[in-house]
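Observations on chain architecture
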Amino acid sequence: MTTERIQKTFAACAAENRAAFVGYLMASDPDPETSFECLMALVEAGVDVIELGAPFTDPMADGPAIQKAAIRALNAGGSLDATLGLAERFRSVNDSTPLIVMGYANPVHHMGYEAFAGRAEAAGIDGLITVDLPPEEDGPLRDALAARGIAAIRLATPTTTEQRMARIADGAGGFVYYVSVAGVTGAGTGSEDEIRVGVERARRLSRLPVAVGFGVRTPEQAATFARLADGVVVGSALVEEVRKATESGHIKSCVKGVSVVAKSLSNAIRSARA
Amino acid sequence: MSETIERPNAWSQWPDANGRFGEFGGRYVAETLMPLVLDLEKEYRAAKSDPAFREEFDWLLKHYVGRPSPMYFAERMTEHFGGAKIYFKRDELNHTGAHKINNCIGQVLLARRMGKTRIIAETGAGQHGVATATVCARFGLPCVVFMGKTDVERQKPNVFRMKLLGAEIVPVESGTGTLKDAMNEALRDWVTNVENTFYVIGTAAGPHPYPELVRDFQSVIGREAREQILEAEGRLPDAVVACIGGGSNAIGLFHPFLEDEGVKLIGVEAGGHGVETGQHAASLSGGEPGILHGNRTYLLQDKNGQIIDAHSISAGLDYPGIGPEHSFLHETGRAEYRTCTDEEALDAFKLCTKLEGIIPALEPAHALARVGDIAKELGKDGLIVMNLCGRGDKDIFSVAERLGVGI
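Structural notes, computed from the coordinates. (Residues numbered from 1 in each chain as written. Chains lettered and ligands numbered in written order. Predicted model: local features only at pLDDT ≥ 70, side-chain atom pairs only at ≥ 80, totals over all residues. Heavy atoms only, no water.)

1. Overview of helix 10 (residues 220-233) of chain B
Residues and elements named next belong to chain B. Between its first and last C-alpha atoms helix 10 spans 20 Å; for 14 residues at 1.5 Å apiece the expected length is 20 Å, and the two agree. For helix 10, the complete set of buried residues consists of V220, I221, G222, E224, A225, Q228 and I229. Downstream of helix 10 by one or two residues, G234 has phi in the positive range, about 70°. (Helix = DSSP H or I, 4+ residues; strand = E, 2+ residues; numbered from the N terminus. Expected span 1.5 Å × (residues − 1). Buried < 20%, exposed > 50% of the residue type's maximum accessible area, 1.4 Å probe, protein only.)

Right, here's the structure in full:
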């Protein structure tokens, strides 16, 4: 039932002829309280979908920005458990913004797929992206999530062929997360033409909205992707604001930093197709 | 009316089509890498059934690595322990000084077959890095080795060797700067350079088909050992013993003996300061199943599923996971796993050097420490083969430091 929030949001954005803005932050970064304030700032700044990173010690698909965010979060007591707690708190004050948890398999596996699904439902989480669970391995978790109405969101990449995309589409939920470039988060972006082909293929075969992420940093890039896809995901550029604030010693200033960056990205995405 | 009874779960027929050894193994990688590991599997199947591939591999093992490695009766160690006869499989005599090169040759030949033009590898102690850099030099391939910053500092001789061999060393600062972080960084490089790069994984772990292909390339150890001990003693051993980090030398020794159910398979994990202290690298004895680096296997992890750093005096065993086939052999009981502390390994290191005139690497010194117990358990009629998988030249500096000797 909660996947409805994702559908409704993408449908509402489509009705406004614009891409959805998906904003990523790491849960508990730089600390649980400030992390919550940053989420509220994202919504205030125009983010349509929140992606909440669950910290992991070995984030092998992430670039330096999100690796460091994970370390800050873990040092502040972050965990999958704390991520669920933050989600629950967010949901208690916001009933409309879709909330997606993004992370790695081990903490979820360790909690137990059924236990996680139950707690995620109770916390009002709408979807889960598990970076290292490809379709070959996500069956048991997907079943547990489906029983609770939570979407198992899958990734497609520049290495995804037509045949492979069909496999990914079969069982994908919520939206398809299209990784713009073969690489880690926060690195360069792929060519516009390649992304267009990849997004169209993902949309055609999955019949789901397609959001593009990895390497989207500037409002210009966000606008370009907003013309190609149904959603634009920005992570590293927002997370960098938290790093800057912690390094400056004014930790709370990240709330403002995140807000400013999110607003400029939001404006770019909203006006991209005008 | 004879009935052919097929053992449906013959030990050696794993992994299954999904790359699983029972509940362990699999392909837990980012989607970007999935087409690559599927392609690698296809190419490996083709190479496996290609006599020319086998021939080139065997030729290089014989003439470049120096195989077969001898099977040596360790008479004075046998006398010292006063129990079963102890044989050493002398893989420390291989070119580059350890078993690692068997696998590197196999994987680099695969890379060439697949038209890949750049090789990457991770390394802890530097043995796998040196072996990979060596084979890359031999084939004129550029080689990038990821090594934790902490390990770069404590393994300077191997860093210099790799540089001499033409490899580029990337010190990894992320995480805690050890082997697991080097592996994370190698995976990040691979996902970024998918077109031209082949990742030579150093142990029998990672996403399918790596655990299988590393095992197959290392199984030359067990095949030779089985033949040699039959020739020397006219019978199979009662136990074969090897140390375990990721477990590639052990699985290479064990695999050809899997169906010989009278042969005990004994792996020795690094107990560090003692498993009870929490500072160790014994994934089976002190960990639980989880998902890391492409496979489901036993891992050192905390109550939140975060990975815990391993500790061992031996950098080559200092890894918080273990190859999935060992997890399977552990759960099914086909193999037995014991531990050995840093102190016990040091004692065995000194003992072997004095009694046999062989300086073992700290890794097999762990196995050696338990061989004494096993020899006593089996008694005088017993027969043990231990894989002496590496030589200790690389370890003399850290051993000297540990013993408080300046050199």
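The discussion continues.
2. Focus: the interface of chain A and chain B
The partner chain B presents 38 residues to the 35 residues of chain A that form the contact. Carbon and sulfur atoms make up 53% of the area that chain A and chain B hide from each other, which totals about 2700 Å². Taken as a group, M60, H110 and E137 of chain A account for 22% of the area that chain A buries against chain B, more than any other trio of residues on that side. A salt bridge links E137 of chain A to R20 of chain B, with the nearest nitrogen and oxygen atoms 2.4 Å apart. If you look at where chain A meets chain B, you find 19 residue pairs in polar contact (both at pLDDT 80 or more). At the level of secondary structure, the elements contributing two or more residues to the side of chain A that touches chain B comprise helix 3 (64-75), helix 5 (105-111), strand 6 (155-156) and helix 8 (162-169) of chain A. Ranked by the residues each element gives to the side of chain A that touches chain B, the list is headed by helix 5 of chain A, at 5 residues. Broken down by class, the residue content of the side of chain A that touches chain B amounts to 18 nonpolar, 10 polar and 7 charged. (Contact = heavy atoms within 4.5 Å. Buried area = accessible area lost by both parts, 1.4 Å probe. Salt bridge = Lys/Arg side-chain N within 4 Å of Asp/Glu carboxyl O. Polar contact = N/O pair within 3.5 Å; in protein donor to acceptor, adjacent residues only side chain to side chain. Nonpolar A, V, L, I, M, F, W, Y, C, P; charged D, E, K, R; others polar.)

3. Structural notes on unusual backbone geometry
Note: most peptide bonds trans; most residues except glycine with negative phi. The step from W14 of chain B to P15 of chain B runs through a cis peptide bond, and the omega angle for that step is 5°. Cis geometry marks the peptide bond from H208 of chain B to P209 of chain B, where omega comes out at 15°. Relative to the elements of secondary structure, P209 of chain B occurs in the loop between strand 8 (197-200) and helix 9 (210-218). Here N17 of chain A, not a glycine, exhibits a phi torsion of approximately 50°, which is positive. If you trace the backbone, N17 of chain A turns up in the loop between helix 1 (3-15) and strand 1 (20-26).

4. Examining the nonpolar core
In terms of nonpolar packing, the biggest core is built from 199 residues, with Y177 of chain A together with F254 of chain B touching the most fellow members. A total of 8 residues in this core trace back to one element, the largest contributor, which is helix 12 (residues 253-271) of chain A. When sequence neighbours within four positions are dropped, the list of residues in contact with Y177 of chain A reads E51, M102, I129, I153, R154, L155, A156, A211, G213, F214 and V233 of chain A. Grouped together as the second largest cluster of nonpolar side chains are 38 residues, A239, I266, L368 and A375 of chain B included. (Core = buried A, V, L, I, M, F, W, Y, C linked by side-chain atoms within 4.5 Å.)

5. Some thoughts on the sheet that holds strand 5 (residues 151-152) of chain A
All names here are of chain A. In space, the 9 strands of this open sheet follow the order 5-4-3-2-1-9-8-7-6, with parallel pairing throughout. Whereas interior strands pair on both sides, the edge strands pair on one side only; in this sheet they are strand 5 and strand 6. In this structure, strand 1 lies alongside strand 2 (residues 49-53), joined through 5 bridges in parallel fashion. Note that in strand 2 the partner of V22 across the bridge is V49. Those strands touched by helix 9 (residues 192-206) are strand 7 (176-179) and strand 8 (210-213), and its axis lies near 160° from that of strand 7. (Pairing = 2+ DSSP bridges. Axes fitted to C-alpha atoms, helices over the stretch in contact; angles between N-to-C directions.)

6. With respect to the pattern of salt bridges
Residues and elements named next belong to chain B. Tallied over the full model, the rule gives 55 salt bridges over all chains. Note that E41 and R27 form a salt bridge whose closest N and O atoms lie 2.9 Å from each other. Here E41, found in helix 1 (residues 34-48), pairs with R27, found in strand 2 (residues 24-28); they are 14 residues apart in sequence, far enough to count as distant. When sorted by exposure, E41 lands in the same class as R27, which is buried. Its salt-bridge partner being E377, residue R338 comes within 2.9 Å of it at the nearest N-O pair. Of the two residues, R338 is situated in strand 13 (residues 335-341) and E377 in helix 15 (residues 362-378); the sequence distance between them amounts to 39 residues. Classification of R338 as buried rests on a relative accessible area of 17%. The exposure class assigned to E377 is exposed, which follows from its relative accessible area of 51%.

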